[in-house]
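# Coordinate analysis (summary)
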Amino acid sequence: MGTRYQQLSLEDRCTIANLHAQGSSLRQIAAGVDCAPSTVSRELKRNTSRQKGYQPAYAEEQARARRWKGSKLDRSPELRDLVLNRLKRRWSPEQIAGRLQSEAGACLISHETIYRFIYAQLARTNDSTWRNYLPRAKTRRGYRGQKGGSPANFIKDRVSIHQRPHDVEDRSAIGNWESDFILFSKYGQSVLALHDRNSRILLATRPKNRTAAPTARALIALLKPLPPAFRKTLTFDNGTEFSHHAKLHRINFKTFFCDPHSPWQKGSIENAIGRLRRFLPRKTDLANLNDSDFNAMLLTYNNTPRKCLAYKTPAEVFCQQLLHFKCESTSRRTSG
């Protein structure tokens, strides 16, 4: 049977400090903590401070520092390169960790390890560009204040979100959408975004302005090509740009509006806009963004795995349901 080694605990180090302060010999101290005299000798030699002598807390910190072998990403260059490459593709640490586990069938790394690695690089290198690897490139989190009045009373035929069908809430069926505008620093520039609550697929376009009529036309242009089963409900906030919502009833959409000052009630699109900010920060000048780059951004978003989809991508889920719908439609026509 081989020799069994055990690390000294903080309690052991407290005992060593007390006995050492009393002038006890190495053998007496070793008997007090039930270890070999050589262990006590090494402990005192390694972890004694020149200024304050042997202190249990200092000794514990020194011992932990010696045992630390570096971050998992420091020890594995291949894994580090894989993680950094996916961070560059705007994947979040949670998406990377989940996708790696899905691909490997085992947990390779946790999202917390990735976050700790990035923050450690920020501290060690004093290079602020490391924060750009993080989803929102922030080192401090804040909150949004509540804004002023609402034009809800001026939207004709407005239906409250509280009357929305209950099956919309559980996200079990495709075809229930939420919509909002993404605004930018340069006046007049915006992106109209649509988000499906089930598949998390994102559709977007860049209308010329945010007035009601062009907004309704842009929404119809995006949604009309979809099969009827994919066109059920559409939820907005109370902006007057959505006041022509009734035009969507022509393509069988039921429209609903959040309570005033309650954008969190359409959390799906709010979350999507937050993710899009990784590609389109507020300072972006849309005039310098061509259609090819804009579509490539949407493609990247829709092909990024999501934890809520068991680390499948929105495109995978959407296309799977679209294919299922088409197969069912074909089967019904054939059987008829």
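In short, a report on the structure. It should be emphasised that the depicted structure is a prediction, and the values quoted were computed from it without experimental measurement. (Residues numbered from 1 in each chain as written. Predicted model: local features only at pLDDT ≥ 70, side-chain atom pairs only at ≥ 80, totals over all residues. Heavy atoms only, no water.)

### A look at the overall build of the protein
Short version of the rule: Secondary structure elements follow DSSP: runs of H or I of four or more residues count as helices, runs of E of two or more count as strands, with numbering from the N terminus. Throughout this description, buried means an accessible area under 20% of the type-specific maximum (1.4 Å probe, protein chains only), exposed means over 50%, and partly exposed covers the range between. Residue contacts are defined here by distance: any two heavy atoms, one from each residue, within 4.5 Å place the two residues in contact. Areas reported as accessible are Shrake-Rupley estimates using a 1.4 Å probe. Residue values count occlusion only from the protein chains shown. We count Lys and Arg on the positive side and Asp and Glu on the negative side, and we leave His and both chain ends out. To locate a charge, take NZ of a lysine, CZ of an arginine, CG of an aspartate or CD of a glutamate.
For the protein, the count of helices and strands is 13 helices and seven strands. With the principal axes as the frame, the protein shows a C-alpha extent of 90 × 55 × 40 Å. In the protein, which comprises 336 residues, the share counted as buried stands at 42%. Taking contacts inside the protein between residues at least 6 apart in sequence as the whole, the part at least 24 apart equals 59%. Of the roughly 20,300 Å² that the protein leaves accessible, carbon and sulfur atoms contribute 49%. Distance between charge centroids for the protein: 3 Å, based on 58 positive and 29 negative side chains.

### Focus on the packing of helix α6 (residues 77-88) against helix α8 (residues 111-125)
As a reminder of what qualifies: Fitted lines through C-alpha atoms give the axes, limited to the stretch in contact for helices. The angle between two N-to-C directions lies from 0 to 180 degrees. Should an angle fall under 35 degrees it is called roughly parallel, over 145 degrees roughly antiparallel, and 65 to 115 degrees roughly perpendicular, with every other angle called oblique. As a working rule, the residues Ala, Val, Leu, Ile, Met, Phe, Trp, Tyr, Cys and Pro are called nonpolar, Asp, Glu, Lys and Arg charged, and the rest polar, with Gly in that last group.
In contact at an axis separation of 12 Å, α6 and α8 are set at 85° when each is read in the N-to-C sense. In this view, α6 runs roughly perpendicular relative to α8, as classed from their interaxial angle. Between α6, through Arg80, Val83, Leu84 and Leu87, and α8, the contact on the second element is made entirely by Ile114, Phe117 and Ile118. Each residue belonging to the contact of α6 with α8 can be placed in one class, and the counts come to six nonpolar, no polar and one charged.

### Here's the deal with the side chain of Thr215
Locating Thr215 in the fold gives a position in helix α10 (residues 212-223). Those residues in contact with Thr215 that sit more than four places away from it in its chain are Phe181, Leu192, Asn209, Arg210, Glu241 and Phe242.

### Digging into a positive patch on the surface
What counts here: Excluding any residue in a salt bridge, patches collect residues exceeding 30% relative accessible area, merging like charges within 9 Å and nonpolar Val, Leu, Ile, Met, Phe, Trp and Tyr side chains within 5 Å. A carboxyl oxygen of Asp or Glu within 4 Å of a side-chain nitrogen of Lys or Arg is what we treat as a salt bridge.
A surface patch of like charges, here positive, comprises Arg42, Arg46, Arg66 and Arg67. Elements represented by at least two residues in the positive patch include exactly α3 (37-47) and α4 (56-67). The topology assignment puts Arg66 in helix α4.

### Details of the nonpolar core
Nonpolar side chains in soluble globular proteins generally cluster together in the buried interior. Selection rule: Grouping buried Ala, Val, Leu, Ile, Met, Phe, Trp, Tyr and Cys residues that are joined through side-chain atoms within 4.5 Å yields what is termed a nonpolar core.
If you look at the biggest cluster of nonpolar residues, it comprises 21 residues, and the most contacted ones within it are Trp177, Leu219, Leu223, Leu234 and Leu248. For this core, the secondary-structure elements that each account for two or more residues are β3 (176-183), β4 (190-196), α10, β6 (233-236) and α13 (314-335). Among the elements that line this core, the one with the most residues is α10, at three residues. Among the nonpolar cores identified, the runner-up in size contains 17 residues, and Ala272, Leu280, Leu286 and Tyr301 belong to it.

### Thoughts on unusual backbone geometry
You will see that Ala310, though not glycine, has its phi angle at about 60°, which is positive. If you trace the backbone, Ala310 turns up in the loop between α12 (291-302) and α13. The backbone of Tyr311 sits at a positive phi, close to 65°, despite the residue not being glycine. Within the element layout of this structure, Tyr311 appears in the loop between α12 and α13. Since its relative accessible area comes to 17%, Tyr311 is described here as buried.

### Quick word on the sheet that holds strand β7 (residues 254-257)
Rules: One bridge is not enough; two strands pair if DSSP finds at least two bridges between them.
If you trace the five strands from one edge of the open sheet to the other, you get β5-β4-β3-β6-β7, paired in mixed fashion. Each having just a single partner strand, β5 (202-205) and β7 make up the two edges of the open sheet. Between one strand axis and the next, the sheet turns through 25° on average, direction left out of account. Judged from the three bridges that link them, β3 and β6 form a sheet pairing that is parallel. For Glu178, the partnering residue across the bridge sits in β6 and is Thr235. Lying over the sheet, α10 contacts β3, β4, β5 and β6, oriented at roughly 45° with respect to β4.

### A closer look at the pairing of β4
Consecutive residues of a regular strand have side chains that alternate between opposite faces of the sheet. Of all seven residues that make up β4, seven are buried, and the element is covered over most of its length. Side-chain alternation along β4 places Ser190, Leu192, Leu194 and Asp196 on one buried face and Val191, Ala193 and His195 on a second face that is also buried. Judged from the seven bridges that link them, β3 and β4 form a sheet pairing that is antiparallel. In the strand pairing of β4, Trp177 is matched with Asp196. The hairpin formed by β3 and β4 contains six residues between the paired strands, and Gly188 there has a positive phi angle of roughly 90°. One ladder, built from four bridges, connects β4 with β5; its direction is antiparallel. Bridging from a neighbouring strand, His195 pairs with Leu202 of β5.

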